[in-house]
Each structure stands twice: as C-alpha cells, then as structure tokens.
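# An overview of the molecular structure
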Amino acid sequence: MSQTNPAGSSAPPADQVLPPPHRAGGLLSALNLPRGREGWLGLLRANGLIIFFALLIVVFSLIKPEFASMANLRNILQSASVMGILAVGQTLVVLTGGFDLGVARMAATAGMIVLLAASGGPLVAVVATAALACLVGLVNGLLVAKGKVAPFVVTLGMYTILGSVTLLVNNGGSINDTTTWLRGLTSFSLFTLSGSTYWFFGVAILFQLILSHTRYGRSLYAVGGNHEAARLAGIRADRVVVSAYVLCALLAGLAGILLTSRLHMASPVALPGVELDAMAAVIIGGTRMSGGFGSIWRTVVGVLVLYSLTSGLVLLGVAAYWQGILKGAVIIVAVFVDVIFNRKRR
Amino acid sequence: MTNTETTGTELPDGAPSPVLEVRGVVKTFGAFTALDHVDLTVARGEVVGLLGENGAGKSTLIKVLAGAHHADAGVIRLNGEPVTIASPSDAIAAGIATVYQHSMLVGTLSVSENLLLGDQGRWITQAGLRSRADGLLAQLGISLPVAALAEDLSVADQQLVEIAKAVLAAGSVIILDEPTAALEQHEVDRLFELVDSLKARGIGVIYVTHRLDEVPRICDRVVVLRDGRNVGSLEKADCTPSEIIPLLVGHSLDAAFPELAEPGDRAVLKVRGLATSASAPVSFTVRTGEVLGLTGAAGAGHRELARAIFGAERPTAGEVLLDDTTLPSDPAGTSARGVAYVSGDRVREGLFADLPVWRNVAIASLRRVTRLFGILDRRAERRIGLAGVAEYGVRCSSPEQPISTLSGGNQQKALLARWGQVKPKLLILDEPTLGVDIGARREIYDHIAEMAGDGMGIVMVSSDHAELQGMSHRVLVFSHGQPVAHLTSAEATESAILHARAEAAPLDTASLPL
C-alpha cells in the first residue's frame, strides 16, 4: 500500500491520481456548476443538450426571422404546455426506472370528468378529477411495486382501460364548456405569455425543486439508481415507486383540466399519441430510461426542442409527412449520444 | 457427440490411469501469486476433494482448468496428452466441464432442451428430445421430469441437470464447485448418488467444498491448498476433519488487528427464537460495545439470520429486541430505530454507482437534515457527507466523483461512513473486508473497533477466520441452519472454528451466557 517515489515524498494513493470523472450533467450541471477543474471543454461536453437547443433556435431564426418573433415564441410555449406537464410527470416515473404509457389518456379522461362535474362548482370538479387520477396512479404503482408486473404491461392495460372510460363517461360525445371558472384557469395572460405557459413553468419549477431540495427527491433518485441499496439504506422504496405513479397520474389530470380550459371543450379522443411525445421529450432531455439519473430541467428542454423543431419545420414549409422522420432522427441521436456519454463515464 | 471414448462403459480397474494431470501451474495477478507451482492428479473414476481457505487458490485453479484464466506456467495433461486451455470452449473440447454454484441453465427452456442445447440436430421434435434426454438421465440414474421448465425445478434438481449436461458436454473431468452449499440434507444424498454414478462411468471428479463433514463420505482423496501452494494430500482413510484442519490453517496473511475494548454490561440487542427460511430458531444477546461474530459455510443460515435482524429478510418466527423494545421487521423501520446494515454485496446492495461519494455517504442520514415539508437542509446534508468521507479516510480525488470509480476498499469505507454518520445503536456487518486490499482492511478494522468503543453493538458475519478471531469478542458458529458452537475470542482459533463447523450436534442457544 505504501509507495515511495524517487523524489522521496510519498506518492498519492491510486484513487487520488485518477482523472476527474466526466459529468454528463446537462442543465443540471449548468445550474449546479461543477466545482472547478473541468474547464470550458468539460462544460461544453456536459451541456450538449443546451448547445443543441441553442443551435436549433439560432439556425431557425437566421433562416426564418419570424421564428424568433414574440408571437411564434408565445405559440410554441402555449402549445407545449399540456404535453410539457405530462412529460414532467413522466420524468418522475422514469427516474424510478419505470414508464407510464397512460398519461395522455389519463389527461383526456380528466378533461371529460372535470366538465361533467363542473356544475357542482370548482371544488367538487377538481376533487373528483384528482380522486380518479389518484386511483389510476395507485393501481399502476401498486401493481408495479408490489405486484412486480412490468411497468409497460401495467400501463398498457391502464391505457386501454382509460381509452374506454373516456368514451363511456359521455357516450362517446365531446362536451362543450359553459363554465367561466374553468376558462379562467388559462384565459389570463401576463407579459404576452399565455396562462397555460405559466402552469407548465410553475409545475416544472415546483417539481424540480422537489427533486433537488427534498428528502423525497433524493429517495426517488436512490430508488431508481439501485432499488435494493435504497431499501437497505432505510428508504421505503416501494412507497416511493407508488408515489411516483400517483404524482404522474395527478399531473396528467391537471394537464387534462388545463386542456379543457383552454379549448373550451373536452373530447374523448383528445391528445392522440401524445404519451409518446412526452416520452420522447424525457428521452431527448437525457433522463436515463433505467432510472436514477435525470431532471425536470432536462425534460423541459426536451419538450422545447420537440416543439421548436415542429414550429421551425412548419415555418420552413417542410411537408408534414416529412416531420416525423426528422423528429424521430432527433430522438435516436439523443439516445445514441447519451449511450456514448455513459460509455465514456464508466 | 464423439465422447464414447471418454465416457466409456469400462470401469476403472485396479490401477486407474490418470485422466487429468496438472503439473507446476503458476498464476500471478500483478505482484500477487495466486498459484505457485500447483500439482493435481485425478484418476479415472476418482473423486478428489479440493480444499483450502478463502484465498488459498482453489477458485483460481478451477478457473485455469475451466479456461477462464490462462496459466502463466505449468502443464495440463488430459489422458496423457498435453492440452492448452485458452478459453472455456477449449476446456469443454478437452473434456473438462465445470458446474458452478449458480445455475447456468436457460430457465424458460425445458429440461430436455437444456440438456441437448447445441446438440439437437437439424430437425427438432419434442418427442425426440425427450426420449434422448430420458435415456441420458436413466444412464446416470437420475429421474427428473424432462418436459418441465428449468426455472420450475428446485435448486437441487437444477444442479442435477447441470451435472448431466456437463457429462454430456465433456465426459473426462467434471469440477463441482461447492455443490452442496444450497442443498437440503436429503438432496445432498441424491447428489452423492449421482457422483457415485459418475465414478462408475470412469469420470474424474474435482470436488470443491468447505464442508469437511461431507469429505469422508464422498472423496477418495483430498488435496489441500494454502496460499497458492500444495500443502498436503490425504488418502480416503485419513480424510477426517482432525487430519485436514491442521493443513488448512495457519495461512501467512497476518493482518494486524486493533485492540478491542471490553464490552459494556447492558444488552443492546436481544434475539429471541429468531428463525429464517434458512436457519432454525436462535436466541442470543449482544451488549453495548460488543462484537459478535457469526460464521459458517455458505448456506449455513448465519447470513440470513443477520439480515433478518435488520429486516432485510423476513423472519419466519421469533422476535428482535433493541433496548428491550421489539423491532419491526423492515429496513426502514429498523434503521429509524438505530439499526444499520452494511451488505457484503456492495454493488447490488450498497452503492448508488452514479451518485457522488458524499451523497452515497449522506443517504442514510437524510432524516436528520430534513426540515419543514420534507425540505432538505442541503448544506447540512453535504456537511455530513464530507465529514464521513474525511473521518473514514475514503480516498478520492474529489468527493464529487461517482462512487463507482473508487477501489473496493474505499467503497467499503464509504459504506461504513454512511452508517457511522447515523450513529446507530446496532451495526450489522456482512463480510466487511470482502474484496478489500490489506491496507484498507486494517483501516476498516480500526473503524469497527472505534465504533464498538463508542458503545455500538456489532454483529459481524464473516467467513474470514483470522478476522473473526481478531475482531470479535465472541463467535457463534453455524452449520446446516443451526448454531453448533459458541466460542470466546480466545477460543475462536481457526482450527476451533473449523472443528465446530464439522460438528453436527446443534447447540441449545437458550442456555447461552448473556
């Protein structure tokens, strides 16, 4: 163990001469700056996602100046908000190493329920919707944590069930909104940004703070990183997993209420396929699919990348049929880059 | 299949020819010599017991024969012909197959499919596979449901399938690596019958075991290794524990141990009739500042018992009292009450590989730094983590680096620091120095002694006899799920522990002194 070097002073132990590890920190490290040593290059490498996002904005703005207009920005943020809230919830579940396929249909169902119960007043309507979301999340979470059923299977089942529930609650018909309190949730606007944008940012900031500043947040990362080690460190790991599914369903419920509020109507077939967009946003953000690594900030950037891309492609006049190919390529590249980063880290 | 010659039906005659000869095998890892000119001969139809303490070189020798390690020097001859074993497939081609402790079967395939995997011919019919598998098992005298899925079989039955598969794949020499560690007594008898039928077929068997009591029953001869060298070979008539133990003990690793302070008078832990799926009801007490060692062969039940105290495993009966109040049986409940558990399986059960070192340390202390609404005092959290890193001498270039980049010894110190920062009343250590280099070992022992000195009760599961003797006040020895001996640290010499392990009569723990 003890070494001597020719100079006579004692050599540092092996661990002290290891190079500093590479951090694939992304936005997390942009806000939580690494302490020295890594320099600009390291920072650049660690923030690939932000750099990619910035490039996207700059390139689109240069080619089409109207991309950078306030009106377009406002549109991007407004249209991103419902999917963004779904993606925040999805991030919580993915951090535990899970997956929720049912978020968009949970939102569609919630959008119907809130209108059906709206005549009873805001409290009744919101409590009824939240209760349903809670139930859905609890069933998902308990089956995954206690029943040890694969998250994909559980939530595929719930996705199918909710698809039916949205049709059943109003016999397949959509509902038009006549309540003012519900519209009021999103009809305000501040500094030109629309109400739903504030909901999205509010939810994102709240949950990022929960992840980084609370014991619950630490537990979520620990359980996703190593479930058994977390359990043996005294964390109620199963409970943490269940809670992630419940929070995810509750956020989906909120997204559904906001969608109904903004559109002044609820449709049983709202948000088709959006669960996959939300998943894509989480993946582009770089939150690890196997759990334990990631953040809400990353997901927010992922959401903005996806919507900026769509908006930019539309402005450039790229045919709608081609947009899927480009978006799909971005998802695959994002994951590929993440794999390479992780390989380097080990 | 062209192994008719090697699995020939002729029985070994009076002067069995050696099927395997190992001469002067050397294997070094850096400056460490794991095998130093080791010899081993196995005759046709002979069962040779390969014995040695942890680190004596048994596993390295097996890995050389199985093609997992490449020997630096030496000759291996099979049926008189020198062979080069550079890969696992070379070993099998040469006729050597190894059956490891953990199952290598494909769980979702049937027994017959597993047996004939890779040798099914072009056109596969279930009926054809089954009749071939049935025929093969019948030759070996095994009856198993060949249509059942491998994962539905008991561990013992899976092992029989593995052995049958090994016979089929390589019929000259079969290495069994601690085959009885996970078996019940009646299953052991069935295994021995199978080994007898291998002998009758002229197959040479290398039988690795820690259980000295089974050696006289099954081995024709034993070869003992110590510190990578041959230290003796005993014929069947001499294969008794009292002959074997002097050869096993006294290895040169002489880690110095710190002085343990005298324990206090008050009992911090009382275990009352605690039983697990692997161990019979046991009662004992641990006082403040006392280190109780638990030991036994793999599968003896002592490890499960220690885990059950922490609630990591569900006890089947009994209760655990900490400071005279009953403990719950889940880790969250027991750790909130002041019980800590450092698992021997760092990677699976200890580390958060990607988290920084300091967060790995602070993770068990979060409750203490949680303020209103579950919000963390992040400064205090960091302070606890950094203090743990410093106090326990965890060497890292930065406490921010992921813990996976540290050496095993430093990871282990970080895990000790994780629980040391909680200041538990009872600390349960599971193989605290497994995979830890000698330098870090001494540091870990110093920390353990210091924690005991602070009045913590400590339960230490260990299979390292020097460590048990040097680092515990008392030692409970387990065998086959039962405590068989209770030794004070003066009595707990290596040979006393080994003698006790070979003992069959269970100890009545109700009569133990407190």
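On a predicted model such as this, the values are computed, not experimentally measured, just so you know.

Turning our attention to the sheet that holds strand β6 (residues 96-99) of chain B. Residues and elements named next belong to chain B. Spatial ordering of the open sheet is given by β6-β7-β8-β3-β9-β10, a layout of 6 strands whose pairing is mixed. Unpaired on one side and paired on the other, β6 and β10 (229-235) mark the two borders of the sheet. Shown here is a sheet whose adjacent strand axes are inclined to one another by a mean of 20°, direction ignored. Here 5 bridges tie strand β7 (residues 173-177) to strand β8 (residues 204-208), and the two strands are oriented parallel to one another. From the neighbouring strand, I174 faces β8, where its bridge partner is V205. Against the sheet, helix α1 (residues 58-66) contacts β3 (47-51), β6, β7, β8 and β9 (221-226), and its axis sits at roughly 130° relative to β3. Lying over the sheet, helix α6 (residues 185-200) contacts β3, β7 and β8, oriented at roughly 150° with respect to β8.

Glancing now at the sheet that holds strand β14 (residues 317-322) of chain B. Residues and elements named next belong to chain B. Read from one edge to the other, the open sheet built from 4 strands follows the order β12-β11-β14-β15, with strand pairing classed as antiparallel. Pairing within the sheet leaves two strands with one partner each, and these edge strands are β12 (279-287) and β15 (325-326). Sitting on the sheet, helix α9 (residues 302-310) touches β11 (267-276), β12 and β14, and the angle it makes with β11 is about 120°.

What follows deals with the pairing of β11 of chain B. Residue and element names in this part refer to chain B. Burial analysis of β11 places 7 of its 10 residues in the buried class, which makes it a mostly covered element. Alignment of β11 against β12, held across 6 bridges, turns out to be antiparallel. Paired with V271 across the strands is F284, a residue of β12. Between β11 and the antiparallel strand that follows it, β12, lie 2 residues. Judged from the 5 bridges that link them, β11 and β14 form a sheet pairing that is antiparallel. Bridge assignment links V271 to a residue of β14, and that residue is V320.

Now for the interface of chain B and chain A. In this assembly, 43 residues from chain B lie in contact with 28 residues from chain A. When chain B packs against chain A, close to 3100 Å² is buried across both sides, 53% of that on carbon and sulfur atoms. At the boundary of chain B and chain A, one finds 4 salt bridges. Linking R236 of chain A and D330 of chain B is a salt bridge whose minimum nitrogen-to-oxygen distance equals 3.0 Å. Our count for the contact surface shared by chain B and chain A stands at 12 residue pairs in polar contact (both at pLDDT 80 or more).

Right, let's get into the pattern of salt bridges. It is possible for side chains bearing opposite charge to pair when their charged atoms get close. Applying the stated criterion across every chain yields a total of 28 salt bridges over all chains. In this structure, the salt-bridge partner of D354 of chain B is R288 of chain A, at a minimum N-O distance of 2.5 Å. Of this pair, D354 of chain B sits in the loop between α11 (346-349) and α12 (357-362) while R288 of chain A sits in the loop between α13 (274-285) and α14 (296-315), placing the two residues on different chains. Linking R303 of chain B and D430 of chain B is a salt bridge whose minimum nitrogen-to-oxygen distance equals 2.6 Å. A residue pair is termed long-range when its members are at least 10 positions apart, and R303 of chain B in helix α9 and D430 of chain B in strand β17 (residues 426-430) qualify at 127 residues. According to the relative accessible area criterion, R303 of chain B is partly exposed, its value standing at 31%. Linked through salt bridges whose partners overlap, the residues forming this network are E228 and R231 of chain A together with R307, E313 and E349 of chain B.

How each quantity is defined
- Residues numbered from 1 in each chain as written.
- Chains lettered and ligands numbered in written order.
- Predicted model: local features only at pLDDT ≥ 70, side-chain atom pairs only at ≥ 80, totals over all residues.
- Heavy atoms only, no water.
- Pairing = 2+ DSSP bridges.
- Helix = DSSP H or I, 4+ residues; strand = E, 2+ residues; numbered from the N terminus.
- Axes fitted to C-alpha atoms, helices over the stretch in contact; angles between N-to-C directions.
- Contact = heavy atoms within 4.5 Å.
- Buried < 20%, exposed > 50% of the residue type's maximum accessible area, 1.4 Å probe, protein only.
- Buried area = accessible area lost by both parts, 1.4 Å probe.
- Salt bridge = Lys/Arg side-chain N within 4 Å of Asp/Glu carboxyl O.
- Polar contact = N/O pair within 3.5 Å; in protein donor to acceptor, adjacent residues only side chain to side chain.

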